[in-house]
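Residue-level structural notes
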Amino acid sequence: MSSVSLESLDVSYGNVQIVRNLDLTIRDGEFLVLLGPSGCGKSTLLSAIGGLADVSGGRILFNDKDVTWTDPKDRGIGMVFQSYALYPTMSVERNLSFGLRIAGIDRAIIEKKVKWAAELLQIAHLLDRKPSALSGGQRQRVAIGRALVRDADIFLFDEPLSNLDAKLRAELRLEIKKLHKTLKSTMIYVTHDQIEALTLADRIAVMKDGIIQQLDTPLNVYNKPANEFVGSFLGSPAMNKVEGALVVDGDRLSFAAGDFRLDVSRYPFAETVESGRKVVLGLRPEHILPAGGSAAAVEGKVSLVEPMGSSILAWSVFDGVSLSHLVGQDDGCEADQAFAVTIDVQKASFFDVETGWRL
Amino acid sequence: MMRQAKPAVARRPLTYQEVWGRVGIYAFLGVVALFFLLPLYVMLVTSFKSMDEIRLGLIFSLPQQFTIDAWVKAWTSACTGLECTGLRVGFGNSVKILVPSVVVSILLGAVNGYALSFWKVKGANVLFACLLLGSFIPYQVFIYPLVRVYAQTGIYGSLPGIVLTHVIFGMPVMTLLFRNYYSGLPVELFKAARIDGAGFWKIFISIILPMSAPIAIVAVIMQVTAIWNDFLLGLVFAGRENLPMTVQLNNIVNTTTGERAYNVNMAATVLTSLVPLAVYLLSGRWFVRGIASGAVKG
Amino acid sequence: MGAEFIRHVKRNFVAYIALLPMAAVVIFAYLGTMAWSVRLSFSSSKLLPRNDFVGLNQYVTLFDTSRWLTSLGNLAVIAFFFLLICFVLGCLLAIFIDQNVRGESLFRTVFLYPYAMSFVVAGLIWQWILNPDLGIQATMRGFGFSGFVLDWVVNPRMVLYAVILATVWHGSGLVMALILAGLRGIDGEIWRATRIDGIPAWRVYVSIVLPMLRPMIITSLVLLSISIVKMYDVVVAMTNGGPGTASEVPAKFIMDNLFERANIGLATAASTVMLITVLMVMAPVIYSQYFRKGGRAA
């Protein structure tokens, strides 16, 4: 069991600095997800934690022990790679045991560990097969198994499910979650898939350009995104964004964009805001609901609808502002018809127009 | 979030094992490189010496008296059998043999590869397999019957004879190269052209050939090298007037009576190597591509 | 059946015509000559082919001819050392170059350029370097090592090693190029996994990388073996089979008997033996590679 601490970490690749001055503390037994688009530095960061990428500044501590320059094999970690990286000419059993044999561990102990890992991952019946004779999901389990037998304190996952099809991805996601529950080890998981992040993480670190934009629980990252980037990156269907300004409407503060008005008096601003402040309004489609006769309804005209199975994503124009919103199958929403919605401003997000940070 | 630039990278100091490891690697590579370069060096150095200097027996020393006499002699007056007109005759012969052989063998290889890749010809794959198998068999098995047939048809010891021979023995590799390359092209191109009504030759000339530049370059490099460096086939089939440079080189060096003119020999050797060396140095990566493609046989 | 076949041929007619040269070459130049050679081995042909039938007499004579047996023995020795050294040296060079060395391009160029040269050139240059009176032996003695001996080219017991030296110089670059290409194709994540597993670099090469390169390794060994069996140019240039028959090789034996010694029956018997040997090794390989998979599927 291990906690991980990154202090002022810089990681470069050649002359390009990927990670800048990064501070991050991961608690013992936590499942932390590094989430972000390609090129944001999450894989580089993971490699640095694993000792596979050289650090150009700062420190890495495992349980308060400085491991910045320790060899990967001595860090007590196990790693699962995106392309599995199984040794193709060796059987599954050998793949699992090879590292342990090199380390000179007693045969009987190796056998026990392999057996335990194989049973935990349900690959015991595959021990004699070569990787080429396995399916993608089976190969990934073997890759996880290889990390398991190392008795690692910290597990690193580098986009392990990206090469699998959607159904397998969902299956293995569940397996990994169960694994974490069973082993209670610290797990650091890199992905660009927000669903994986939201379902697996204890905390998510959303990254962009080598900098952590927000570090918080999945719920908070989703409901209270720290900036515009995080708000857009999480959530499917995507968050609506409207540029406008705050105005005083009688005795209330409102958001104005053209003719569109939204009363923001119930929104919990983190800092004092004044009239005239230019802001971006972020609204998730599921927080714009059919009015159903409510008094605070906003009227608009539906442009088109996208049926998505259980619900429908409708695109409508309200006082000149185009918004996507979710409606149920029985709410009578059709294209080119009028439709009324209510907007729950407490679930909205306001971002500064210049910096993008949450207000 | 402005930051000051960090000072230069704090690199982990290398362990002494790592340093010695690097030293060892470069040392090994360096020593072996010297071994490989030695013959080239000796060839050049010897060719610029006078015979007096050579008799001193210091094979590695640079020429004290730099002279190009040996080169002139090798090119214009060395004895290549009955005549003593130097290697320039051989050079011309090699070129005469090279150009038609390369052109014809590559064209045939391309057509064969194209037909094998895109068209269904019954028995073609069996023929191709036999062709490949034939390329592994030593020339000696084929030579005598070919000689007899050439003699009967009057092309023995003539330029067409040697060109035909090179085409025959180059066909397996050339066909393999083009076939493998064309197999990698999208078959949709071909299908679209057929739907448009184009026939065998139209598709080949308008669509396939223009896309063949990469493999054609590789093929040219391989054939030029193979044919220019050939000895046995030229010896048997070219005929006295068309002996290639390699055969003449061997005659100059190994069949002179009296004291050997080592400087002339070495100059002759370098002259014979100039063309393939130039091709090699200029072709860079393509040369290796050629080797790798040819190696896909096995 | 028949009608469908005719329709098929009509549709693909031009393709059949285009492949006629290949068919002609395979049937006449390869299969036909092979058959004729084998036929001649059962005759008593000397200078000219005879149509008689003497059973296995020529083969009996062949294996009673000490020169032939010597050539086989010599080839075995050469093959063993050549394959071993080329392979080990080529692999080592490839592995060392793969370690992120500076000047990689330069090293690769140096190690591969001999392969671009003719075998004749290789034989001649090493013949010169190993010349006892004026080559290395003389130089070393000039440095004061008066007892130094390096007379391989004239020493019957050591001459094979001279040939091996020349051929290793020529061919190691090929192995290096192929293995290096293979090394470059290894997924980088496997290397990262071995660092996590704590496997030392040499062990990674031995237990993981080289086994992954098995097809490439077999290919290079096959290519090398082919050039050994065909070995003629380098021997003729370097030692002409001498001293005596100490460096005689089968290809040269056959050529000598086909032309100078005018014993066609014996020569074709010998070439048939070579043919059978090569076929026994190669046929299964070719069959499994191409025949089974068929045209574009491969």
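**Considering the pairing of strand S1 (residues 4–13) of chain A**
All names here are of chain A.
- Here six bridges tie S1 to strand S4 (residues 55–62), and the two strands are oriented antiparallel to one another. Note that in S4 the partner of aspartate 10 across the bridge is glycine 57.
- Across seven bridges, the pairing between S1 and strand S2 (residues 16–26) is antiparallel. The residue of S2 that forms the bridge with serine 5 is threonine 25.
- Where S1 folds back onto S2 in an antiparallel hairpin, the turn is made up of two residues, including glycine 14, whose phi is positive at roughly 65°.

**Describing the sheet that holds S4(A)**
Residue and element names in this part refer to chain A.
- Taking strand neighbours across the sheet as the criterion, the four strands line up as S2-S1-S4-S5 in an open arrangement whose pairing is antiparallel. Only two strands of the sheet have a single partner each, and these edge strands are S2 and strand S5 (65–66).
- Across the sheet, helix H1 (residues 42–50) is in contact with S1, S2 and S4; its angle to S1 comes to roughly 115°.

**Some thoughts on the environment of Thr70(C)**
Residue and element names in this part refer to chain C.
- Mapped onto the elements, threonine 70 comes out in helix H5 (residues 66–97).
- Given 19 C-beta atoms within a 10 Å radius, threonine 70 is considered partly exposed.
- It is 14 Å that separates the C-alpha atoms of threonine 70 and methionine 158, two residues lying 88 residues apart in sequence.
- Here threonine 70 is in contact with Thr245 and Glu248, once residues within four sequence places are set aside.

**Let's talk about the domain arrangement of chain A**
Residue and element names in this part refer to chain A.
- What the domain assignment reports for chain A is domain 1 (4–233) and domain 2 (240–352).
- Once you take the C-alpha centre of each, domain 1 and domain 2 turn out to be 40 Å apart.
- Listed by partner, the interface residues are four residues for domain 1 and four residues for domain 2.
- Split into classes, the residues belonging to the side of domain 1 that touches domain 2 amount to one nonpolar, two polar and one charged.

**With respect to the pairing of strand S16 (residues 298–307) of chain A**
Residues and elements named next belong to chain A.
- Across four bridges, S16 lies against strand S19 (residues 338–343) in antiparallel orientation. Paired with glycine 300 across the two strands is phenylalanine 339, which belongs to S19.
- In this sheet, strand S17 (residues 311–318) lies alongside S16 in antiparallel orientation, the contact comprising six bridges. What sits directly across from valine 302, in S17, is serine 316.
- As consecutive antiparallel partners, S16 and S17 are separated by three residues, and within that stretch glycine 309 has a phi angle of approximately 95°, a positive value.

**Observations regarding the domain arrangement of chain C**
Residue and element names in this part refer to chain C.
- Assigned domains of chain C: these are domain 1 (1–41) and domain 2 (57–291).
- Computed over C-alpha atoms only, the centres of domain 1 and domain 2 are separated by 36 Å.
- With five residues of domain 1 in contact, the opposing surface of domain 2 contributes eight residues.
- Among the residues forming the side of domain 1 that touches domain 2, the class breakdown is three nonpolar, two polar and no charged.

**As for the sheet that holds strand S10 (residues 211–216) of chain A**
Residue and element names in this part refer to chain A.
- Strand order across the open sheet formed by six strands is S6-S7-S8-S3-S9-S10, with mixed pairing between neighbours. Single-partner strands in this sheet number two, and they are strand S6 (77–80) and S10. With strand direction ignored, the average angle separating the axes of adjacent strands in the sheet is 15°.
- Of the strand pairs in this sheet, strand S3 (residues 31–35) and strand S8 (residues 186–191) are connected by five bridges, and their pairing is parallel. Looking at the pairing, leucine 35 lines up with threonine 191 of S8.

**What about the interface of chain C and chain B?**
- Taken residue by residue, the interface counts 82 residues in chain C and 77 residues in chain B.
- Per-class residue counts for the side of chain C that touches chain B are 64 nonpolar, 15 polar and three charged.

Basis of the calculations
Residues numbered from 1 in each chain as written. Chains lettered and ligands numbered in written order. Predicted model: local features only at pLDDT ≥ 70, side-chain atom pairs only at ≥ 80, totals over all residues. Pairing = 2+ DSSP bridges. Helix = DSSP H or I, 4+ residues; strand = E, 2+ residues; numbered from the N terminus. Contact = placed C-beta atoms within 7 Å. Axes fitted to C-alpha atoms, helices over the stretch in contact; angles between N-to-C directions. Buried ≥ 20, exposed ≤ 12 C-beta atoms within 10 Å, placed from the backbone. Domains from an automatic or database assignment. Nonpolar A, V, L, I, M, F, W, Y, C, P; charged D, E, K, R; others polar.

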